[in-house]
Amino acid sequence: MLLDPGMDLTLRPMRYPDFYEQYRAAIRNTWTVEEVDLASDVADLAKLTPDEHHLVHRLVAFFATGDSIVANNLVLNLYKHVNAPEARLYLSRQLFEEAVHVQFYLTLLDTYLPDPDERAKAFAAIEHIPSIREKGEFCFRWIDSIDSLDQLRTRDDRRKFLLNLICFAACIEGLFFYGAFAYVYWLRDRGLLDGLATGTNWVFRDESMHMAFAFSVVDTVRREEPDLFDDELTEQVGTMLDEAVECELQFARDVCGPGLPGMNAKDMHDYLRYVADQRLVRLGLPARYGTRNPFAFMELQDVQELTNFFERRVSAYQVAVSGTVDLDEDF
Amino acid sequence: MTVTAPLSAVDDLTAEVAAHAADLPDVDPARVLAAVDRGRTADAGPAELRDLAVRAAAALIGEEPRYSKLAARLLAGGIRAEAPPDFPASVAAAHAEGLVADDTAAFVAAHAAELAAVVDPAGDDRFEYFGLRTVYDRYLLRHPVTRRVLESPQHFWLRVACGLSDTVADAAELYRLLSALAYLPSSPTLFNAGTRRPQLSSCFLLDSPRDELESIYQRYTEIAMLSKYAGGIGVSFTRVRARGSLIRGTNGSSNGIVPWLRTLDASVAAVNQGGRRKGAACVYLEPWHADVEEFLELRDSTGDDARRTHNLNLALWVPDELMRRVEADGTWSLFDPKAVPELTDLWGDRFDAAYRAAEDAGLATRTVPARQLYGRMMRTLAQTGNGWMTFKDAANRACNQTALPENVVHLSNLCTEILEVTGDDVTAVCNLGSVNLAAHLDGPDLDWPRLASTVRTAVRFLDRTIDRGYYPTDPAARSNRRWRPVGLGVMGLADVFFRLRLPFDSPEALALSTRIAEEIALAAYETSVELAREHGPHPAFPDTRAARGQLHPDHFPVTPRHPDRWAAVRAGVAEHGLRNSLLVAIAPTATIASIAGCAECIEPVVSNAFKRETLSGEFLQLNPYLVADLKRLGRWDRATRDAIKQGDGSVQHLTWLPADLRALYRTAWELPQKALIDLAAARQPYVDQSQSLNLFMASPTIGKLSSMYAYAWRAGLKTTYYLRSRPATRIALATVQAGQTCDLENPETCEACQ
């Protein structure tokens, strides 16, 4: 079974070809930080109102450490226990993507914050900005929850692992990041910080994949060990999401202050609960909050982009292409 | 005058939204107002409230396309409040700020009353939201300091018209076309007509720098000058020596073209076009150049960044000989242009002979299997969309400018629709405009006489831009006055097909599209003969094929629909000549199509629901024809909308949708690409320059691509443009209702799709 202790090295016969396909799809999605053009952002920053400025600063301060935390959990807690080489291929790839995200936000902060003192402060936000520290503590608590587990021997161990996995997929990548993406797209909806939005689009695409992979691990474990999924787990996941929503909400109160046009903590609260419901439903659990998505600009994330090359770089290409020259194929 | 106590800003807005929505069925003002109420800050003023209302209405377009009208009306009200009240005041204000040219200002001042009467008060209501937003964000003249707009949309159209006119009647004639969104000139003309720097041309084509340092740096300067005023650049680098070539002066060896292109890349990115958009350039290379493989990697997102150019577009200028050798699975020789400087100035049989002679003389740097190189070209297209396939011999064979052997087309432009002769001190230029076909529909057919009339006006004004334009460099000015080429294109072809219910791959669509091309070419040639009769032929007319009695359709095995009119054109050309060496080019129309609210040029729609990313944020665009059909069927509801989103804008999985509608609403990804190529090939005889033809393949393979481009070459296309493909994975749907996801694997179990 997938969570049985060990370091399985056998790729053939492949037990979980779906994980391998996800790995290959991720490879085709390669992008690099150098492709993101931040030039117009610098001009935009000068135009921001003080409230918008505050929002952007809080946002990038969160981004400064968010992906590193996810990468740490991957290394410390996930890679060790998901015992299939094809799944570990995916996790290795995910680790690379997290590194690219870290690099993107590093480049972003270096560009946005030319003053070295301010820059240092932003990178240390997790220590001295309370609303970000609280999110960090939520993450660390869940990292620590299974840090001491070397092997998943007992049913209890495995449930602890599942909670960690679900926390990082549903609450951190799937909720904290989704909250942050909403601020970015709200800004872009106002024609601001195009470079941030472009990079975020690609980060968003990657995070969607990470979440999909984690949930497919959950699905696999459920298939193999259905008895792990009982009412208690449902309750624990629910409570965890409650806490995550609260945690992100206190961040929203800090980020939005008294509210900006079209963006305030109240709407963000509805949005977060709406997103949390999506995660629950994906996990096969009943929705818990029943709010609607108040952010119309997030509707736009669902549909195809058509980029005018005068304006943005085209991100819609695949990296790995196969085949040989043939003049008689159907096309 | 008594001043009544002002209503509160919220009450004003409430009344305005209700008034705007009165004639819009299925539009609920309360939903917009509720969103405003939720989103507003405590001390919101009228501007913030209006902005929130506009955004709230725009966000509902995904549910009901008519909210686009409401959003547009609200935005138009805001713009009118911001801009000066009437046309003369608007031009005077822009003149005072140094934006509008003295002569335009004087013309307007002298005819203030007549011109003010030309303005159509209903004009703004023709815009959909996307179009008006684009005009507002990017096109209207703004105060240099306050950034407030100095013209309303109708005054913008009229300013452009006055900038190209000497009489009120002329200005009114063009204004009426613009205001009706029936014809739009290209963006540089819209940006700059009537201003102090009337750079009106869209494209510049520069010959390869000579193989020497001074020439390369001189090209950088020219490109920067041309780019500064919103022109797109095509430039060849085929003459520049390849890597490893000996540098006599220092006895060292060359690093090839890549380092030069890196410098060009940085230079192009640095030139911001008037603060409006970044400069853009496409580099052309003939695939016998020994650096071609490195050239193909310039846009890769992996590898050594010191050998990458992220801003440049790349195109190959492919001789038939390469394609023949690919077909025959033969070998292909790569040369240092220093060893074969003559090759780039030859095409057709003379190129073939010289190329083979160079091979026989052992001048090749390397020889590779032709299919190996072709495979790499296809890989670049698949991975980057770049490395456009343009065909040197087809481009030269039918070009009106290549009657003399010394006049050679060496490259196309940034969008692969312009084909004109260049030389070391001859920079080709083109002024563009596009007819909105959707605006010429009349019931079940096109209004052909009105289409011809639009074309006649369009050609007259395009011709005028040649004389009124400001040219940033001398080689550009000289060549444009000598050849006087223009590029009239179309947009909204897909709208016509939707309205007439013709699938893109139907024989009727092919016949109609070809007829449109012929009617446009005829009216354009007739007008150019007329202009030649009035003002004389363009100075280089004796050097053209037309002067030898050969018109563009003669190069193709076609039977025109109107042989009598072509005969009359032929007689007219013999008697008066042509005012313009080239007349028709189908440009991509990305921005002007969104202003006009129609589909881009000759393209099928890429999705029935897509967002368009622009500098002014993201817009959602729905296929309004599909929505109307779904409403008729009583199926325009949340479940259907979610199903379309789940299907990435496709309707093929909606099995309850009648088959004819499913066929009609296939997206570009779902249509056979052969059909797009066939349509393009059938219209090619009537397009004397070329077409920006994008091709679409969701998951390209080398095999499929190599077959497709070989087919395009055999079909006789002169050029192709981007290969569009899709990302391997997509963003998780953020807003599809949980629990109702659509299982594409098992459509019979899916409620939404049945």
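Cut-offs used in this document
Residues numbered from 1 in each chain as written. Chains lettered and ligands numbered in written order. Predicted model: local features only at pLDDT ≥ 70, side-chain atom pairs only at ≥ 80, totals over all residues. UniProt positions renumbered as here; feature names shortened; annotations may be inferred. Helix = DSSP H or I, 4+ residues; strand = E, 2+ residues; numbered from the N terminus. Rg over C-alpha atoms; globule rule 2.2 N^0.38 Å. Buried ≥ 20, exposed ≤ 12 C-beta atoms within 10 Å, placed from the backbone. Contact = placed C-beta atoms within 7 Å. Pairing = 2+ DSSP bridges. Core = buried A, V, L, I, M, F, W, Y, C linked by C-beta atoms within 7 Å. Axes fitted to C-alpha atoms, helices over the stretch in contact; angles between N-to-C directions. Parallel < 35°, antiparallel > 145°, perpendicular 65-115°, else oblique. Nonpolar A, V, L, I, M, F, W, Y, C, P; charged D, E, K, R; others polar. pLDDT = per-residue confidence, 0-100. Expected span 1.5 Å × (residues − 1). Left-handed = near helix turned anticlockwise from the far one by under 90°.

Labelled according to an unreviewed UniProt entry, chain A appears under the name Ribonucleoside-diphosphate reductase subunit beta, originating from Actinophytocola gossypii. UniProt lists a comment for chain A under the heading Catalytic activity (unreviewed entry), and it reads "a 2'-deoxyribonucleoside 5'-diphosphate + [thioredoxin]-disulfide + H2O = a ribonucleoside 5'-diphosphate + [thioredoxin]-dithiol". Recorded in UniProt under Function (unreviewed entry), the annotation for chain A is "Provides the precursors necessary for DNA synthesis. Catalyzes the biosynthesis of deoxyribonucleotides from the corresponding ribonucleotides."

> In this structure, what is going on with the overall build of chain A? I would like to understand it.
When helices and strands are counted, chain A shows eleven helices and one strand. Going residue by residue from the N terminus, the α and β elements of chain A occur as α-α-α-α-α-α-α-α-α-α-α-β. Taking 20 Å as the expected radius of gyration for a compact globule of 331 residues, we find that chain A reaches 20 Å, a close match to that expectation. By its C-alpha atoms, chain A is 60 × 55 × 40 Å across when sized along the principal axes. Sorting the 331 residues of chain A into buried and exposed places 48% on the buried side. The contacts in chain A between residues at least 6 apart in sequence include a share of 77% that link residues at least 24 apart.

> Please clarify how the overall build of chain B should be interpreted in this entry.
Within chain B, the secondary structure is distributed over 29 helices and 20 strands. The C-alpha radius of gyration of chain B comes to 27 Å, within 12% of the 27 Å expected for a compact globule of 754 residues. The dimensions of chain B, computed from C-alpha atoms along their principal axes, are 90 × 70 × 60 Å. Relative to its 754 residues, chain B shows a buried fraction of 58%. Partitioning the intrachain contacts of chain B with sequence separation of at least 6 by distance along the chain shows that 77% fall at a separation of at least 24.

> What is the right way to look at the UniProt feature "transmembrane region" (unreviewed entry) in chain A in this model?
Residues annotated by UniProt as "transmembrane region" (unreviewed entry) correspond here to residues 161-186 of chain A. Measuring from the first to the last C-alpha atom of residues 161-186 of chain A gives 35 Å, for a span that is 100% helix and 0% strand.

> Just checking my understanding: could you explain the environment of valine 149 of chain B for this structure?
Residues and elements named next belong to chain B. Locating valine 149 in the fold gives a position in the loop between α8 (129-139) and α9 (153-163). Judged by local crowding, valine 149 falls into the buried class, with 25 C-beta atoms found within 10 Å. As for valine 149 and tyrosine 136, which are separated by 13 residues in sequence, their C-alpha atoms are 8.0 Å apart. Residues in contact with valine 149, not counting those within four places in the same chain, are Ile79, Glu82, Ala83, Tyr136, Leu140 and Arg142.

> Please explain the pairing of strand β9 (residues 313-318) of chain B as it appears in this structure.
Remark: a regular strand shows side chains that alternate across the two faces of the sheet. Residue and element names in this part refer to chain B. Counting buried positions over the six residues of β9 gives six, a clear majority of the element. Relative to β9, strand β8 (residues 281-285) is paired through four bridges, and the arrangement is parallel. Following the sheet pairing, valine 283 is matched in β9 by leucine 314. Examined bridge by bridge, β9 and strand β12 (residues 388-391) share four bridges and lie parallel to one another.

> What should I look at first to understand unusual backbone geometry in this one?
Across the chain, the bulk of peptide bonds are trans and the bulk of non-glycine residues have phi less than zero. Cis geometry marks the peptide bond from arginine 12 of chain A to proline 13 of chain A; its omega dihedral reads -10°. Assignment of secondary structure puts proline 13 of chain A in the segment before α1 (17-28). Its identity as a non-glycine residue notwithstanding, asparagine 251 of chain B has a phi of 60°, on the positive side. Looking at the secondary structure, you find asparagine 251 of chain B in the loop between β4 (243-247) and β5 (252-255). Backbone geometry at threonine 416 of chain B places phi at a positive 60°, although glycine is not the residue there.

> Just checking my understanding: could you explain the nonpolar core for this structure?
Generally speaking, soluble globular proteins have nonpolar side chains that are buried together. One finds Ala53, Ala57, Ala281, Leu488 and Ile520 of chain B to be the most contacted residues of the largest nonpolar core, which totals 334 residues. Those residues within four positions of alanine 57 of chain B in sequence are excluded, and the remaining contacts are Val32, Tyr67, Leu70, Ala71 and Leu74 of chain B.

> Please explain the packing of helix α4 (residues 67-82) of chain B against α8 of chain B as it appears in this structure.
In helix packing, the relevant descriptors are the interaxial angle and the interaxial distance, both defined with respect to the helix axes. All names here are of chain B. In contact at an axis separation of 8 Å, α4 and α8 are set at 25° when each is read in the N-to-C sense. It follows that α4 is roughly parallel to α8 by the angle criterion. Each of Ser68, Ala71, Ala72, Leu75, Ala76 and Ile79 in α4 lies in contact with α8, whose residues at this interface are Tyr129, Leu132, Arg133 and Tyr136. Its residues assigned to classes, the contact of α4 with α8 comprises eight nonpolar, one polar and one charged.

> Is there a simple way to think about the confidence of the model for chain A in this case?
Detailed reading of the predicted coordinates is not advisable wherever pLDDT is low. Overall, the prediction assigns chain A a mean pLDDT of 91, with 94% of residues at 70 or greater. When the elements of chain A are averaged for pLDDT, strand β1 (residues 304-307) of chain A gives the smallest value, 50, and helix α10 (residues 231-256) of chain A the largest, 97.

> What should I look at first to understand helix α11 (residues 265-282) of chain A in this one?
The α-helix winds at 3.6 residues per turn, so residues separated by three or four positions along the chain end up facing the same way. All names here are of chain A. Taking 1.5 Å as the rise per residue, α11 with 18 residues should run 26 Å; its terminal C-alpha atoms sit 25 Å apart, in good agreement. Burial analysis of α11 places 13 of its 18 residues in the buried class, the great majority of the element. Looking one or two residues past α11, glycine 284 carries a phi angle of roughly 80°, positive in sign.

> Before we go on, may I ask you to explain the packing of helix α3 (residues 50-81) of chain A against helix α8 (residues 155-189) of chain A in this structure?
All names here are of chain A. With their axes 11 Å apart at the nearest point, α3 and α8 run at an angle of 160° to one another. Here α3 lies roughly antiparallel to α8, going by the angle between them. In terms of crossing hand, the pair formed by α3 and α8 is left-handed. Contact residues: Leu55, Leu59, Phe62, Phe63, Gly66, Val70, Asn73, Asn77, Leu78 and His81 in α3; Phe161, Asn164, Leu165, Phe168, Ile172, Glu173, Phe176, Phe177, Ala180 and Tyr183 in α8.

> For this particular structure, what's the right way to read α4 of chain B?
Residues and elements named next belong to chain B. Taking 1.5 Å of rise per residue, the 16 residues of α4 would be expected to cover 22 Å, and the 23 Å separating its terminal C-alpha atoms lies within 8% of that figure. Restricting attention to buried positions, one finds in α4 the residues Tyr67, Ser68, Lys69, Leu70, Ala71, Ala72, Arg73, Leu74, Leu75 and Ala76. Contact partners of the buried residues in α4: α1 (9-21), α2 (29-39), α3 (46-59) and α8.

> I'm lost on the environment of leucine 99 of chain B in this one. Help?
Residues and elements named next belong to chain B. Looking at the element boundaries, leucine 99 is found in the loop between α5 (87-96) and α6 (102-110). Looking at leucine 99, the number of C-beta atoms within 10 Å reads 21, which means it is buried. Sequence separation between leucine 99 and glycine 194 is 95 residues, and the spatial gap between their C-alpha atoms is 8.7 Å. Setting aside residues no more than four positions away along its own chain, leucine 99 makes contact with Ala94, Leu141, Thr195 and Arg196.

> Can you help me understand the confidence of the model for chain B in this one?
Residue and element names in this part refer to chain B. In this model, chain B carries a mean pLDDT of 92, and residues with pLDDT of at least 70 account for 93%. Counting interchain partners and residues more than four positions distant, the pLDDT-below-50 stretch residues 1-6 has zero contacts. Two numbers describe this predicted complex: its pTM, 0.86, and its ipTM, 0.80.

> How should I be thinking about the environment of leucine 654 of chain B in this particular structure?
All names here are of chain B. Its place among the elements puts leucine 654 in the loop between α26 (638-646) and α27 (659-664). For leucine 654, a count of 23 C-beta atoms within 10 Å corresponds to the buried category. As a C-alpha pair, leucine 654 and isoleucine 644 span ten residues in sequence and 8.3 Å in three-dimensional space.

> I would appreciate a short explanation of the pairing of strand β3 (residues 232-236) of chain B in the present structure.
Residue and element names in this part refer to chain B. The element β3 is extensively covered by neighbouring structure, given that five of its five residues are classed as buried. Both faces of β3 are covered, namely the face carrying Gly232, Gly234 and Ser236 and the face carrying Ile233 and Val235. Relative to β3, strand β2 (residues 203-206) runs parallel, the two being bridged by four bridges. Within β3, the position partnered with cysteine 203 by the bridge is glycine 232. Note: β3 against β8, four bridges, orientation parallel. Across the sheet, residue valine 235 finds its bridge partner in β8, namely valine 283.

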